[in-house]
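These are the residues of each chain, in order.
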Amino acid sequence: MALLSAHSAGAGEAPWKALSAEAEPHSVALAPRELAVFYTILKVVLLQSAGITAELEKQYSPSRWVVRMEADKVVGTFVQIGSQATQKARTTRRNQLDVPYGDGEGERMDIYFPDEDSEAFPLFLFIHGGYWQSGSKDDSAFMVNPLTAQGVVVVLVAYDIAPKGTLDQMVEQVARSVVFLQRRYPSNQEDAQRNSPQLRLEVAPAWPMGPACPVLVLVAQHDSPEFHRQSREFYETLRRVGIEASFQQLPGVDHFDIIENLTREDDVLTQIILKTIFQAL
């Protein structure tokens, strides 16, 4: 193995020219027949690689599995509905916006409250998606009005998306937001601590650690086969380590309107969320 160092090159000289003769690659002469075989194999490998890449791209592109509208309109529609729901929530619900839960610029959350005050209340925490590269709490208040109307506090968490934030940083920020909520609302601390993702990580070798809130793993009918596979695998993993979990495919919806429909009180998923919350109390 040859190491390249810019310091070993002369002024104005390309660094690779400073390599010794021993480190330089040797050329290999191939006969025409061998060369033809080599290029055939290379072509097959490249075509297979391109095919795998294209299939993975399709599997991880949720808009390409939507059947209710053209794929290029899906994301724009999603953002529009989210923005409208957020504007409505901010004007009709009591709220505290851009509450800092950490020292970072992106570590902010919006908190929406029911009309009636309570010392102890159920709390719904929503972490927006966007392939870690897009999305915002500022257009994600889909479920605020239906849930707060039933006495649930809704929290929308922001975090540093890529390229500013790494995946590890995003996980740490979300965990930090949960700890912040535990301290801010101590009347809910027992349940929050029992189900804290950070606490779960700290005691992972001893998991499970007692009663925990049930986990619902939901996937849209019109999501890709890969999303279905991962959802079921996640569910099976939870069950295997002793976590109470259930798996459900929601019919007639896709990766986007499964969330868009949360603006409706009569939506199936809205009702599932409310039922789960109040059964756990």
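A brief structural summary.

So, how was this worked out
- Numbering of residues starts from 1 in each chain and follows the order in which that chain's sequence is written.
- Only residues with pLDDT of at least 70 are given local features in this predicted model, and only at 80 or more are side-chain atom pairs given and counted; all residues enter the totals for whole chains, interfaces and linings.
- Here the side-chain values reflect all heavy atoms present in the structure, with hydrogen atoms and water set aside.
- Labels follow the DSSP assignment, with helices taken as runs of H or I lasting at least four residues and strands as runs of E lasting at least two, numbered in each case from the N terminus.
- Helix span is expected to be 1.5 Å times the residue number reduced by one.
- For every residue, the accessible area obtained with a 1.4 Å probe (protein chains only) is divided by the maximum for its type, and the residue is called buried under 20%, exposed over 50%, and partly exposed between those limits.
- Here the rule is simple: two strands pair whenever DSSP picks up at least two bridges between them.
- Lining residues are those with an atom within 4 Å of a point, where the points come from a 1 Å grid over the protein atoms alone and group into cavities, where a 1.4 Å probe fits but cannot get out, or pockets, open sets with protein on both sides within 12 Å along at least five of seven lines.
- Grid points are joined across faces, edges and corners, and a volume is the space filled by probe spheres set on the points.
- Note on residue classes: Ala, Val, Leu, Ile, Met, Phe, Trp, Tyr, Cys and Pro are nonpolar, Asp, Glu, Lys and Arg are charged, and everything else, Gly too, is polar.
- Take a side-chain nitrogen of Lys or Arg and a carboxyl oxygen of Asp or Glu: if they are within 4 Å of each other, that pair is a salt bridge.

Points about helix 7 (residues 225–240)
Its 16 residues place the ends of helix 7 22 Å apart at the C-alpha level, agreeing with the 22 Å of an ideal helix rising 1.5 Å per residue. The set of residues buried in helix 7 consists of Glu 226, Phe 227, His 228, Ser 231, Tyr 235 and Leu 238. In the segment just after helix 7, Gly 242 is the residue with positive phi, at about 95°.

A few points about the pairing of strand 6 (residues 245–250)
Bridge analysis of strand 5 (residues 215–220) against strand 6 gives six bridges, and the strand direction is parallel. Across the sheet, residue Leu 218 finds its bridge partner in strand 6, namely Gln 248.

Digging into the layout of surface pockets
The computed volume of the second largest pocket comes to approximately 200 Å³. Residue lining of the second largest pocket: 13 residues in total, with Pro 114, Asp 115, Glu 116, Asp 117 and Ser 118 positioned closest to the centre. Its residues placed into classes, the lining of the second largest pocket shows five nonpolar, four polar and four charged.

Some thoughts on the pattern of salt bridges
Oppositely charged side chains may form a pair once their charged atoms are brought near each other. In this structure the tally under the stated criterion is 15 salt bridges. Across the pair Arg 68 and Asp 254 runs a salt bridge, and its minimum N-O distance is 2.6 Å. Here Arg 68 is found in the loop between helix 1 (32–59) and helix 2 (71–92), whereas its partner Asp 254 is found in the loop between strand 6 and helix 8 (257–260), with 186 residues between them in sequence. Judged by its relative accessible area of 36%, Arg 68 falls in the partly exposed class. The buried category is assigned to Asp 254, whose relative accessible area is 2%. When salt bridges with common partners are traced through the structure, they connect Arg 90, Asp 98, Asp 110, Lys 137 and Asp 138 into a single cluster.

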